[in-house]
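Chain by chain, the residues run as shown.
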Amino acid sequence: MKINFLTLFPNYFDSFKNESIIGKAIEKGLIEINIVDIRDFSQNKHKKVDDQIYGGGKGMLLQIEPIDLALQTVSGKKIIVSPQGKVFNQKLARELSKEKEITLIAGRYEGFDERIIDYLIDEEISIGDYVLTGGELPAMVIADAIIRLVDGVIKEESHTNESFENNLLDYPQYTRPREYKGMKVPEVLFSGHHKNIENWKKEKQIEKTLKNRPDIIERIKDAK
Ligand SMILES: C[S@@+](CC[C@H](N)C(=O)[O-])C[C@H]1O[C@@H](n2cnc3c(N)ncnc32)[C@H](O)[C@@H]1O
């Protein structure tokens, strides 16, 4: 099995690749790890890969272009690690361990331009209801759980959960360019109409929470 990590911090993966069970699985040829530096795909002379958020909001977002270009160098299932994803579990680890190749995309800053999620990837996965500074650790957590389920890595016998404020996930966010390969940023964000933007954000928060984490809504209903 081949696992690609898309990251802005390739060094995070040094120990992960070399130590213990994973190091041995690589030595044995059961696993191949490929680290892809997203910055290598920046078309900007300063190697910039992030920009300000349309419609307002603090921080910076990862832009679509470098990620699109980096993803063109890999194949198989493409997964973004994000607190807005469905929560990772053993069942999912087992399913993913059957893949020939997967790619785990590690975010930074406020996360990703939402078009990356809508158009470029297959799945959005969270490691739990908390927010880390970056996706490298979650990507390694997910990869670790998958690798140990790959045939031959460990003995078969050994195989015996910001976004959650107000009980809603974050709303979709977008940064430059306004249009990329026909993929457009929603018009409401350029309206300058604060109330409409806020309503849109709230609507999208509810939409996304119902889509990705209906269990959160069920928990609120149960508590009433
Ligand atoms: C500061 S976080 C962005 C949080 C985002 N603004 C939100 O509220 O959902 C930066 C990056 O860290 C990673 N990350 C943080 N917490 C995570 C979690 N619980 N599961 C998976 N990835 C996580 C993601 O890749 C994310 O894009």
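Residues numbered from 1 in each chain as written. Predicted model: local features only at pLDDT ≥ 70, side-chain atom pairs only at ≥ 80, totals over all residues. Heavy atoms only, no water.

Selection criterion: UniProt positions are given in the numbering used here, feature names are shortened, and annotations may be inferred rather than shown by experiment.
Under an unreviewed UniProt entry, the chain has the name tRNA (guanine-N(1)-)-methyltransferase and belongs to Mesomycoplasma lagogenitalium. Taken directly from UniProt, the Sequence similarities (unreviewed entry) text for the chain runs: "Belongs to the RNA methyltransferase TrmD family." According to its UniProt record, the chain has this under Subcellular location (unreviewed entry): "Cytoplasm".

### Observations regarding the environment of L96
The cut-off we apply is this: Secondary structure counts use DSSP, requiring at least four H or I residues in a row for a helix and at least two E residues in a row for a strand, with both numbered from the N terminus. Note on exposure labels: buried denotes an accessible area under 20% of the residue type's maximum, exposed denotes more than 50%, and partly exposed covers the range between, all computed with a 1.4 Å probe on protein chains only. Any pair of residues with heavy atoms lying within 4.5 Å of one another is described as a contacting pair.
Note that L96 resides in helix α4 (residues 90–96). Note on L96: relative accessible area 2%, which makes it buried. Linking L96 and G85, residues 11 residues apart in sequence, is a C-alpha distance of 15 Å. Those residues in contact with L96 that sit more than four places away from it in its chain are M1, K77, I79, F88, E123, I125 and I146.

### Notes on the pattern of salt bridges
This is how the line gets drawn: One side-chain nitrogen of Lys or Arg within 4 Å of one carboxyl oxygen of Asp or Glu is enough to make a salt bridge.
Throughout the structure, instances matching the rule amount to 15 salt bridges. For D51, the salt bridge identified is with K48, shortest N-O distance 3.8 Å. On the accessibility criterion, D51 (9% relative accessible area) is buried. For K48, a relative accessible area of 33% gives the class partly exposed. A salt bridge links K181 to D68; its shortest N-O distance comes to 2.8 Å. Residue class for D68 comes out buried when judged on its relative accessible area of 7%. Here the residues in one salt-bridge network are K48, D51 and R176, joined through shared partners.

### So, the sheet that holds strand β1 (residues 2–7)
Threshold: When DSSP finds two or more bridges between two strands, those strands count as paired. For every element, the axis is a line fit to its C-alpha atoms; helices are fit only across the contacting stretch, and the angle between N-to-C directions ranges from 0 to 180 degrees.
Strand order in the open sheet formed by five strands is β2-β1-β6-β5-β7, with parallel pairing between adjacent strands. Strand pairing shows two members of the sheet lacking a second neighbour, β2 (32–37) and β7 (123–126), which therefore form its edges. The average undirected angle you get between the axes of adjacent strands in this sheet is 30 degrees. Of the pairings in the sheet, the one linking strand β5 (residues 77–87) to β7 comprises five bridges and is parallel in character. Bridge assignment links K86 to a residue of β7, and that residue is I125. The sheet contacts of helix α7 (residues 194–212) involve β5 and β7, and relative to β5 the element is tilted by about 110 degrees.

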